[in-house]
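The primary structure of each chain is shown beneath.
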Amino acid sequence: MDFTLLIVIIVLALIFDYINGFHDAANAIATIVATKVLTPFQAVVWAAFFNFLAYWVFGFGVADTVAKTANTMDINLVVILAGVIAAICWNLLTWWLGIPSSSSHTLIGGFAGAAIAHAGFDVVNWYSAGKNGGMPSGVLIIVAFIVLAPLLGALASYLISIWLLNSSKKSIYPKLFTGALMIATIAFVWYQMVPYDKIKEPRFDSHFWSVAFEAHNIKWFLVAFIILSVSTFCLFFSSLSHSKSESWLKKMQLLSSAAFSLGHGGNDSQKVMGIIAAAVAVYIHTTGSAQDAMPEWLDVVLPDGEGHFKMPEWIPLACYSAIAAGTMSGGWKIVKTMGSKITKVTSFEGVAAETAGALTLYFTEHLKIPVSTTHTITGSIIGVGLTKRVSAVRWGVTVSLLWAWVLTIPISAVLAALVYYILSLFM
C-alpha cells in the first residue's frame, strides 16, 4: 500500500510539473509573442527547449530547500499526496481564470498546509539560520521573497532600461560605464568559478572540459554571456538607426527569453524534485525500510547537513521533460495578461524585462531560494513600465495580481489541509 502510494505521488508530482509548464509558459514567451518576434507556436517550442536544457545547467539547491519544507520524520505519505493534489487544483483554477499566480508557492503552501494538519505548526521548517554565513532557509524566507523577488526584478529591469536608454545617446559616458561593467562582470564571474581540484565528480578526464561543463560554472558563464551581450549592443546602440536598433533588439529578445526559460526550468523543476525526494525519505522512515534496500531507481538521499544530496538521474530528467512538455502546451490566457495587460511591451521593454528576470532567477537559485518565476517576470515588466511614467503601468491589473500572490500560499495550505482530512478518512 505504501509503495503504491509513493508511486502515485511521483506520478502526480510529474503531472503538477507538466501543469506548471503550461501555467508558467507565459512568463518566458509573453513578451516575444506580444512584440511578434516569434509566433505563439515558435515561442513555446523555443521556451520548452531551454526549459529542458536547464537539466545540464542547474544543481539541486532549490530541490534541497523544498524537500526540507517540513520535517520528513514527522509526516507520512498522505501529507505529501494531499499537498500535491491541492497544488494541482489551485494551479488549474488560476490557469482557467487567467491569473499568473505562483506554481512554486502553490506547491510549498500545499506541502506546508497538509503537514500542519497532520502534526501541527512545529513540523514546518519556518526558519533555519544559514551555515557558514550562507543564506537562511525556511518557509518565512520563501514568503519574504513574495515581495523581494518582484522588487529585485523591477529594480534590475529599471536599471537595465535606464542603461539602454542612455546608451542610445551619442555620449562617451554610457560607453565608459559599459566598459567598466564588462570588466567587473568578467572579474566577478572568474571569482565564482569552481576550479578542477574542487570539483567532486569531474565529468571528463580533461581539466578544461570538466571545469567548463561543471553545472555551477555553466550558470556563471551564462550570466557573463547575458551581461556581455547586452553590453556589446550598448556600445554600438547610439550609432544604429531606429530600424536597425529595433531589428537588433528583436534578435536580443531571443537571447533574453532563452535565458529566462533556462531560469524557469532550473528553478521550477527542482521544486518537484524536492517533493519526490521528500516522498522517498518519508516512505523509508514510515515503512522502516533500509536505505540500501531501496531499488536503485529510488536511491534518494536527502541533505545530511554537509550539503550531500543524491537522486537517480531519471528524476531530474523526468522533471525537466515534464515542464518542457507543459510549456509546449502553451497557456494563452496568462500570455494575454503578461504580454499586454500590465504595460505596453515593445522589443526594448522585452529585452530589459527578460534579462532582468533571468539574472534574478540565476542569483536566487544560487542562494537556493525557490522564488516564483511569475512574480519575478511581472516585477520586471513593471520595472520597464516605470521608466516611461508611473501611469504606464496598469495598476488596477497589477493590484489584482498582487492579491493573487499574497493569497496563494494560505489558500493552498487551507485547501491541502482539507484534502488531507478527507484522505485520512480512507487511508
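Residues numbered from 1 in each chain as written. Predicted model: local features only at pLDDT ≥ 70, side-chain atom pairs only at ≥ 80, totals over all residues. Heavy atoms only, no water.

What counts, and what does not: UniProt positions are given in the numbering used here, feature names are shortened, and annotations may be inferred rather than shown by experiment.
In the nomenclature of an unreviewed UniProt entry, the chain is known as Phosphate transporter of Flavobacterium qiangtangense. Looking at the chain in UniProt, the text filed under Subcellular location (unreviewed entry) is "Membrane". Recorded in UniProt for the chain, the comment headed Sequence similarities (unreviewed entry) runs: "Belongs to the inorganic phosphate transporter (PiT) (TC 2.A.20) family."

## Some points on the UniProt feature "transmembrane region" (unreviewed entry) in the chain
Convention followed: Think of it this way: any DSSP run of H or I at least four residues long counts as a helix, any run of E at least two long counts as a strand, and we number them from the N terminus.
Under the present numbering, the feature "transmembrane region" (unreviewed entry) in UniProt falls on residues 44–63, 75–96, 108–127, 139–164, 176–194, 220–240 and 401–423. As annotated, residues 75–96 comprises 91% helix and 0% strand, and the C-alpha atoms at either end are separated by 32 Å.

## Observations concerning the packing of aromatic side chains
Going by this rule: Pairing of aromatic side chains here covers Phe, Tyr and the six-membered ring of Trp, requires ring centres within 6.5 Å, and sorts the geometry by plane angle: under 30 degrees stacked, over 60 edge-to-face, intermediate tilted. Partly exposed residues are those whose accessible area sits between 20% and 50% of the maximum for their type, while under 20% is buried and over 50% is exposed, using a 1.4 Å probe and protein chains only. A positively charged side chain is recorded as over a ring if its NZ (Lys) or CZ (Arg) lies within 6 Å of the ring centre. The angle to the ring normal must also be within 35 degrees.
Summed over the entire model, instances satisfying the criterion amount to 17 aromatic pairs. Both rings, one in Phe208 and one in Trp209, keep their centres 5.0 Å apart while their planes meet at 80 degrees; by these two values the pair is edge-to-face. When its relative accessible area of 57% is taken as the criterion, Phe208 is described as exposed. Under the relative-accessibility criterion, Trp209 is labelled partly exposed at 44%. Ring centres of Trp220 and Phe363 lie 5.3 Å apart, and the angle between their planes is 70 degrees; this geometry places the pair in the edge-to-face category. Residue Trp220 is located in helix H9 (residues 215–237), and its partner Phe363 is located in helix H13 (residues 347–366); the two are separated by 143 residues in the primary sequence. Connected via pairs of aromatic rings, a cluster forms that spans Phe52, Tyr55, Trp56 and Tyr320. One Lys or Arg, Lys251, reaches over the ring of Trp248 and ends 5.6 Å from the middle of that ring.

## Section: helix H11 (residues 314–328)
Selection criterion: Here the expected length of a helix is defined as 1.5 Å per residue gap, with one fewer gap than residues.
Here H11 is 15 residues long and its end C-alpha atoms lie 21 Å apart, about the 21 Å a rise of 1.5 Å per residue gives. Of the residues making up H11, those classed as buried are Ile315, Pro316, Cys319, Tyr320, Ala322, Ile323, Ala324, Gly326 and Thr327.

## Quick word on the nonpolar core
Which entries qualify depends on this criterion: Here the nonpolar core consists of buried residues drawn from Ala, Val, Leu, Ile, Met, Phe, Trp, Tyr and Cys, with membership extended through side-chain atoms lying within 4.5 Å. Contacts were defined at the residue level, with two residues in contact if any of their heavy atoms lie within 4.5 Å.
Counting residues in hydrophobic clusters, the biggest one holds 100 residues, and the most contacted among them are Leu6, Ile75, Leu77, Ile80 and Leu164. Ranked by the residues each element gives to this core, the list is headed by helix H10 (residues 242–287), at 17 residues. Setting aside chain neighbours within four positions, we find Ile80 in contact with Ile9, Ile75, Phe111, Ile275, Ala278, Ala279 and Val282. The next biggest cluster of nonpolar side chains, apart from the first, holds 8 residues, and it includes Val37, Ala43, Val44 and Ala47.

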